[in-house]
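Inside the fold
Chain by chain, the residues:
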Number of protein chains: 6
Amino acid sequence: MIHITRREHFNAAHKLHNANWSEEKNNEIFGKCSNPNWHGHNYLLYVTVKGNVNSDTGYSVNLKDLSLIIRKHITDKLDHKNLNLDVDFMKGIMPSTENVAIAIWKELLPHVNNLDCKLHCVKLFETENNYVEYFGE
Amino acid sequence: MIHITRREHFNAAHKLHNANWSEEKNNEIFGKCSNPNWHGHNYLLYVTVKGNVNSDTGYSVNLKDLSLIIRKHITDKLDHKNLNLDVDFMKGIMPSTENVAIAIWKELLPHVNNLDCKLHCVKLFETENNYVEYFGE
Amino acid sequence: MIHITRREHFNAAHKLHNANWSEEKNNEIFGKCSNPNWHGHNYLLYVTVKGNVNSDTGYSVNLKDLSLIIRKHITDKLDHKNLNLDVDFMKGIMPSTENVAIAIWKELLPHVNNLDCKLHCVKLFETENNYVEYFGE
Amino acid sequence: MIHITRREHFNAAHKLHNANWSEEKNNEIFGKCSNPNWHGHNYLLYVTVKGNVNSDTGYSVNLKDLSLIIRKHITDKLDHKNLNLDVDFMKGIMPSTENVAIAIWKELLPHVNNLDCKLHCVKLFETENNYVEYFGE
Amino acid sequence: MIHITRREHFNAAHKLHNANWSEEKNNEIFGKCSNPNWHGHNYLLYVTVKGNVNSDTGYSVNLKDLSLIIRKHITDKLDHKNLNLDVDFMKGIMPSTENVAIAIWKELLPHVNNLDCKLHCVKLFETENNYVEYFGE
Amino acid sequence: MIHITRREHFNAAHKLHNANWSEEKNNEIFGKCSNPNWHGHNYLLYVTVKGNVNSDTGYSVNLKDLSLIIRKHITDKLDHKNLNLDVDFMKGIMPSTENVAIAIWKELLPHVNNLDCKLHCVKLFETENNYVEYFGE
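Note that the structure is predicted; figures quoted are calculated from it, not measured.

Criteria and cut-off values
- Residues numbered from 1 in each chain as written.
- Chains lettered and ligands numbered in written order.
- Predicted model: local features only at pLDDT ≥ 70, side-chain atom pairs only at ≥ 80, totals over all residues.
- Heavy atoms only, no water.
- Axes fitted to C-alpha atoms, helices over the stretch in contact; angles between N-to-C directions.
- Helix = DSSP H or I, 4+ residues; strand = E, 2+ residues; numbered from the N terminus.
- Parallel < 35°, antiparallel > 145°, perpendicular 65-115°, else oblique.
- Left-handed = near helix turned anticlockwise from the far one by under 90°.
- Contact = heavy atoms within 4.5 Å.
- Least-squares fit on C-alpha atoms with pLDDT ≥ 70 in both.
- Buried < 20%, exposed > 50% of the residue type's maximum accessible area, 1.4 Å probe, protein only.
- Pairing = 2+ DSSP bridges.
- Buried area = accessible area lost by both parts, 1.4 Å probe.
- Salt bridge = Lys/Arg side-chain N within 4 Å of Asp/Glu carboxyl O.
- Polar contact = N/O pair within 3.5 Å; in protein donor to acceptor, adjacent residues only side chain to side chain.

Considerations on the packing of helix α2 (residues 63-78) of chain A against helix α3 (residues 97-113) of chain A
Residue and element names in this part refer to chain A. Running from amino to carboxyl end, α2 crosses α3 at an angle of 150°, the nearest separation of the two axes being 10 Å. On the basis of the axis angle, α2 is roughly antiparallel to α3. The interaxial crossing formed by α2 with α3 has right-handed handedness. Residues Leu-66, Ile-69, Ile-70, His-73, Ile-74 and Leu-78 of α2 lie in contact with α3, whose contacting residues are Ile-104, Glu-107, Leu-108, His-111 and Val-112.

Observations concerning the relation of the copies chain A and chain B
For the pair chain A and chain B, the best superposition has an RMSD of 0.0 Å and corresponds to a rotation of 180° with a translation of 0.0 Å parallel to the axis. Taken together, these values place the two copies in the relation of a two-fold axis. A symmetric contact is evident, with 100% of the interface residues of chain A recurring at the interface of chain B.

Quick word on the pairing of strand β5 (residues 130-134) of chain B
With 5 of its 5 residues buried, β5 of chain B lies for the most part within the structure. Of the two faces of β5 of chain B, the one holding Asn-130, Val-132 and Tyr-134 of chain B and the one holding Tyr-131 and Glu-133 of chain B are both buried throughout. Relative to β5 of chain B, strand β4 (residues 118-127) of chain B is paired through 5 bridges, and the arrangement is antiparallel. Considered in β5 of chain B, the bridge of Lys-123 of chain B is made with Glu-133 of chain B. Joining the antiparallel neighbours β4 of chain B and β5 of chain B is a turn of 2 residues. Bridge count between β5 of chain B and strand β1 (residues 2-14) of chain E: 4 bridges; the pairing is antiparallel. By the bridge assignment for β1 of chain E, Tyr-131 of chain B is matched with Thr-5 of chain E.

What about the arrangement of the chains?
One thing to see here is that chain B and chain C don't touch, and their nearest C-alpha atoms sit 15 Å from each other. Separated without contact, chain A and chain E have their nearest C-alpha atoms at a distance of 15 Å.

What about the interface of chain D and chain A?
Taken together, the contact pairs 22 residues of chain D with 19 residues of chain A. For the pair chain D and chain A, the summed buried surface comes to about 1700 Å²; carbon and sulfur atoms form 48% of the total. Of all residues in chain D, Glu-98, Asn-129 and Tyr-131 of chain D bury the most surface against chain A, accounting for 33% of the area lost on that side. The interface formed by chain D and chain A contains 1 salt bridge. Note that Glu-128 of chain D and Arg-7 of chain A form a salt bridge whose closest N and O atoms lie 3.2 Å from each other. Here chain D and chain A share 11 residue pairs in polar contact (both at pLDDT 80 or more) between them. Put simply, the parts of the chain that give the side of chain D that touches chain A at least two residues each are α1 (23-30), α3 (97-113) and β5 (130-134) of chain D.

The structure is reproduced here in structure tokens:
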């Protein structure tokens, strides 16, 4: 059993704003992240899967396949997009780093399961100072 | 004479779109950078000044002073903002990396001149793969 | 349940020296780290906490709060200081990377507990080649 | 109990090629990694051990000792070498990142056991986008 | 006039060996870089061009165009290749970092000239500790 | 003519303090950098030389030779040392980043001149946010 990780990235706009709250409360909780005209980040996404090493290939998973899945189902949908407005699987979800990571996990899970390995971790950097890790539970 | 550089950063949204062009032409030239709902970046800003070393301090410039100027006049106005909509000194300017760097130079120049050193270079990373340098002419 | 990490940093002096040992033995064990006139590092500190995602905010913890706690209780006390001489919570403790990380854990724990999340890991880089991780036991 | 990690590196050539397969199948599975004339990488190796902190030294392990072991038994044998042809402990092993990490684990294990700590993880970066982690089982 | 830089990368094998010299002299000058079975690197390539900013686009050059040129004429020919054996424009050239950078400059020059900007610098990292810069003369 | 750069590093303690000034003025100018018990940094040093490419070697300079000179004359004297107290070529010099870079230039110059290339730049990072460059005049 070995863990293998692929890094991908996407550059996106978002804002953190709760429509049920006053502007005052939005500002108190979210600060400058609630700027109505959006802001954005260069997100770095690390997807870790685990599996056994195939004796013919030396691979636990073919990273070309894993990369294609991440690009098709995740980063092609997030890159140069607005996380609040443009992404089907983020509709109605506050685009905090936590929620983006969890949404990515849910989207990736069925596709990774087809690869003969198990999804282990989605790690998402919003900046070099902030990141989250989600392990599926 | 020595060159000294201070790194600061800001996270912002923008889009590249020319209102005089058709959507087709905007898409041809700017591609996904013209997404109407914006996208964003973690920008890294390197400001280089040059000056002589003061024999009492060993400093060419006090980086506390340089950092304060950059934050007050530049990054406080750009961080968690929309470069097309929110920034006084970017009004009417296409927020390409080139134009953002040139606008930063113009804003910084009078304040750096007050520091007894000369502004040498504004270097701006949009991503780890793309950056521009402006030397004032 | 999600893990979220905040990076902070501090620049400090220290030396590794056991007063119960001969200089010869100090030199054998600690080498150049025992230089009597000190040396120093740019330390990078990663604090990971875990918690559930709040449905109103999308946050497991508000990183502004976590950052303030780390700065007030840890990095403001360590930054531009001597780890052997200047830090109340390091008195009498050999400032190896291991011991600094453990001391940081102990200082942070009660404050993180007030944030409705659990302290998971203190990760401390002394250089880009050396780091420790402490999980509290 | 604390985890401590040492980073080392090596620059090596390799190719991924299964002699039991047709060229067509090698190309389908390994793509450009099967180039007959080799390619290469700057590998980054992170070795993590765990142990208790010694009260006299503040160390869980003396990183000088750990670094010497890694260099003598691993990176001196891999650096500026061909992983398919030049390395005694890689003979007959497909040099995928997974297999290189597992082989490094096996070589390091008896030597780390002599250090009064336990080998916890071998983490190997082939590029900044790809890495594996092996925990010994 | 502004400078703009695009980063690309390639992973390649090579060796440094002068066929006119004895093995002893090759080893004395090139050391482990002359290993007959090759070694390799993850090369990072920074191409800097300079030009005026177009008032319609805000661009000095469209980085999509620059990136396509670099990939088509340079990195597609170098990536996962052997620099001594596989590259048409490196035939008969010792693949030192210096010579690879100069060869890249010569290949890029006519194509960059077609982009309405001037090639300013080819910067090539062989490792994070070693890089060269070539300015065309 | 090509520029080639070698990166080395050293970890050192220092403080910025002018003995001719009151503590109040030292604190006003140098702030926490004047802590009497020192602080420290992981310094990164980039030494750039320029020269012509030798047709037998493909080298402008043999980086082994350049690295040995930097280590022998610079980093072996600075690493794990106190820049105010321990370094012969820093005696009586305020160890600001500017002054350390200039002192390194002066020490390196005669040794680089022996290598059949010219010293072009000493670039010294004190932190990832601050660096200086000295070109010898």
